[in-house]
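Structure at a glance
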Amino acid sequence: MFKDLREWLDEVEKLGELKRVSGAHWDGEMGPLTQLVHEKYHGSAPALLFDDIPGYPAGYRTLYGHFSTLNRIAVTLGLPLEYGSKLEFIENYRRKMEAQELIPPVAVKDGPVLENVHTGNDLDVLEFPVPRHHELDTARYIGTASAVITRDPDTGWYNLGTYRSQVYDGQTVGCQITEGKHGRIHRDKYFERGQPMKVAIVVGVDPLLYLASASPVADGVSEYDFVGGIRGEPVGVIEGPYTGFPIPANAEIVLEGEMVPGESRVEGPFGEWMGYYGVPPVPRPFVRVKAVMHRDSPILTCAPQHRPVDETVLLKTVTGSAAIWGDLRRAGIPEVRGVWQHEAGLGVRFTVISVRQRYPGHARQVLHVASSVQSGAYNGKWTVVVDDDIDPTDIDQVLWAMCTRFDPVEDVDIIRKAWSSGRDPMVLPGTGNFNNRILVDATVPYNRKLKGDFPPVVGVSPELTRDLYRKWAGVVL
Ligand SMILES: Cc1cc2nc3c(=O)[nH]c(=O)nc-3n(C[C@H](O)[C@H](O)[C@H](O)COP(=O)(O)O)c2cc1C
């Protein structure tokens, strides 16, 4: 497997999925260009490597769109590039996640991240071409595709999470961590004791570490150990000069600093992952930067997110679908044939599960469990169950099932006051971060399936399909 971001870029270029762009501006060009490319190439957009950014030395680059294709997710995780269907891809991913062991990081004396180390007045985070990502943002954001390292003050485990960082000035950045995220729990523990919290923000990061930081990894398990397990060898780490934290030796850019209880600055506005400016600017704790390290000709990794389909949603689709599928299995529900969280549903808001119905209530049970297990509970909106002749990844087939096997009175359940977030423009007013959910049973009613009185589908049987392909290859292929 690739060892760092540069080797990953080589792999991606070999796949023909890297586009180099010269001369785009950091101020409102690179982010919107990425959005246009993703809206145009839905599911097949290339990664964009920007260079020759006005006002910055050639070679000081930014990278957008790590995970916009299944191929690039496969390369990142060492999964097969050949797969029969999207569901097979999810199965491969789920198996890999469930089989892997944890391998802790290993300390090394030196690494490319130490090629340049700045501290004190010698330090300026705007030495990098930090973008203003969206048109209505008023600040530049250095941390979007990042890994923020924090240490649990009780147990000492290191968490890595992707949390955004606004730039206030050359030595001050934000760090927006939502309630319940591991970095936030760490911060709350320090602040409750009146203590500052040290952080290391990796903003030029190995894509595998970024993937792990942006995905749910169990409480108390370090993303370092998780990534070591996937790669089959430990992550090499140097000791951070300010924090003393383990820092990836091959990182591109790292900011070290501290957050101090009682100190806050207004954070935002920033275009958010639901496709809106969901949360108004509010005061939030920030980071006083004490040290900056970077490789020569560093690459700043970016993922600003926007209205779907954006550059991060496929990753949420893959990790979320696999997690719900795994949880349904662990809950003992038989015959689940596939799960897909559609990209236009932001990876969490439109979840489709296909099942081979075996007993009355089976489909309804799938709906309720999938919407309530930990992997499916956060920020959902639509959960749909379909029969096993429907490919849950194919929105046309799903809509057909919803239009022909569903009754609006009999086949809808509602979950009220579920776990949502302030980013949701339809969050229930005055209730905190709750929303309501709709569960849609678009399967053939089980009693009619038993009686065999549901009309047969106008289709082509597998046997006839095989024969026709053989005989009429020139017509159908
Ligand atoms: C591109 C991207 C940006 C994100 N930005 C934030 C953010 O600013 N704040 C936040 O709390 N979560 C953000 N997230 C979600 C978290 O990274 C994600 O929930 C992750 O699992 C958190 O790690 P943790 O469970 O170790 O806290 C972002 C995710 C992605 C993919």
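Just so we're clear, the structure is a prediction, and the values are computed from it rather than from any experiment. Every chain is numbered on its own, with residues counted from 1 as its sequence reads. The predicted origin of the model limits local features to residues at a pLDDT of at least 70 and limits the giving and counting of side-chain atom pairs to 80 or more, whereas totals for whole chains, interfaces and linings rest on all residues. For side-chain calculations, the full set of non-hydrogen atoms in the structure is used, while hydrogens and water are omitted.

Moving on, we get to a nonpolar patch on the surface. Residues Val460, Leu464, Leu468, Tyr469, Trp472, Val475, Val476 and Leu477 make up a contiguous nonpolar surface patch of about 810 Å² in total accessible area. Elements with a contribution of two residues or more to the nonpolar patch: α13 (462–471) and α14 (473–476). When residues of the nonpolar patch are assigned to their parent elements, the largest contribution, three residues, is made by α13. Each helix corresponds to a stretch of at least 4 residues labelled H or I by DSSP, and each strand to a stretch of at least 2 residues labelled E; elements are numbered beginning at the N terminus. Mapped onto the elements of the fold, tyrosine 469 is located in helix α13. Excluding any residue in a salt bridge, patches collect residues exceeding 30% relative accessible area, merging like charges within 9 Å and nonpolar Val, Leu, Ile, Met, Phe, Trp and Tyr side chains within 5 Å. Accessible areas in this description were obtained via Shrake-Rupley with a 1.4 Å probe; residue shielding takes into account the shown protein chains only. What makes a salt bridge here is a side-chain nitrogen of Lys or Arg within 4 Å of a carboxyl oxygen of Asp or Glu, nothing more.

In this section: the packing of aromatic side chains. Aromatic rings from Phe, Tyr and Trp, taking only the six-membered ring of Trp, are treated as a pair when their centres fall within 6.5 Å; an angle between ring planes under 30 degrees marks them as stacked, one over 60 as edge-to-face, and anything in between as tilted. Overall, the coordinates contain 10 aromatic pairs when judged by the stated rule. Look at tyrosine 60 and phenylalanine 128: their rings are 6.4 Å apart centre to centre, the planes differ by 25°, and that puts the pair in the stacked class. One end of the pair, tyrosine 60, is in the loop between β2 (47–51) and β3 (61–64); the other, phenylalanine 128, is in the loop between β5 (116–119) and β6 (141–143), with 68 residues separating them in the sequence. Three labels apply to residues, based on accessible area from a 1.4 Å probe with only protein chains included: buried if under 20% of the type maximum, exposed if over 50%, partly exposed otherwise in between. Exposure remark for phenylalanine 128: the relative accessible area of 0% places this residue in the buried category. Measuring from ring centre to ring centre gives 6.2 Å for phenylalanine 350 and tryptophan 382, while their planes differ by 45°; the resulting arrangement is tilted.

All right, on to the packing of helix α6 (residues 207–214) against helix α7 (residues 223–231) then. Between N-to-C directions, angles cover 0 to 180 degrees, with each direction set by a line fitted to C-alpha atoms, over the stretch in contact for helices. In the contact formed by α6 and α7, the axes pass within 10 Å of each other and the chain directions differ by 130°. If you check the angle between α6 and α7, you find them oblique. The two elements α6 and α7 meet at a crossing, and its hand is right-handed. Between α6 and α7, the contacting residues are Leu208, Leu209, Ala212 and Ser213 on the first element and Glu223, Tyr224, Phe226, Val227, Ile230 and Arg231 on the second. Here the contact of α6 with α7 is built from residues that sort into seven nonpolar, one polar and two charged. Note on terminology: angles under 35 degrees are roughly parallel, angles over 145 are roughly antiparallel, angles of 65 to 115 are roughly perpendicular, and the others are oblique. If you view the pair so one helix is near and one far, a crossing is left-handed when the near helix is turned anticlockwise from the far one by less than a right angle, and right-handed when it is turned clockwise. Whether two residues are in contact is decided by their heavy atoms: any pair within 4.5 Å suffices. Amino acid classes used here: Ala, Val, Leu, Ile, Met, Phe, Trp, Tyr, Cys and Pro are nonpolar; Asp, Glu, Lys and Arg are charged; the rest, including Gly, are polar.

A word on the site of the ligand. Thr162, Tyr163, Gln176, Lys181 and His182 are the nearest of the 22 residues found near the ligand. N or O atoms closer than or at 3.5 Å make up a polar contact, with two conditions inside protein: a donor-capable atom paired with an acceptor-capable one, and, for residues adjacent in sequence, both atoms drawn from side chains. Threonine 162 places a polar main-chain atom, nitrogen or oxygen, 2.8 Å from an oxygen atom of the ligand. In the model, an oxygen atom of the ligand is placed 2.6 Å from a nitrogen or oxygen of the tyrosine 163 side chain. Taking 630 Å² as the accessible area of the ligand by itself, protein coverage stands at 87%. When grouped by side-chain class, the residues that make up the shell around the ligand number seven nonpolar, 12 polar and three charged. Nearness is judged by heavy atoms alone; a residue qualifies as near a molecule or strand once a single heavy atom is within 4 Å of it.

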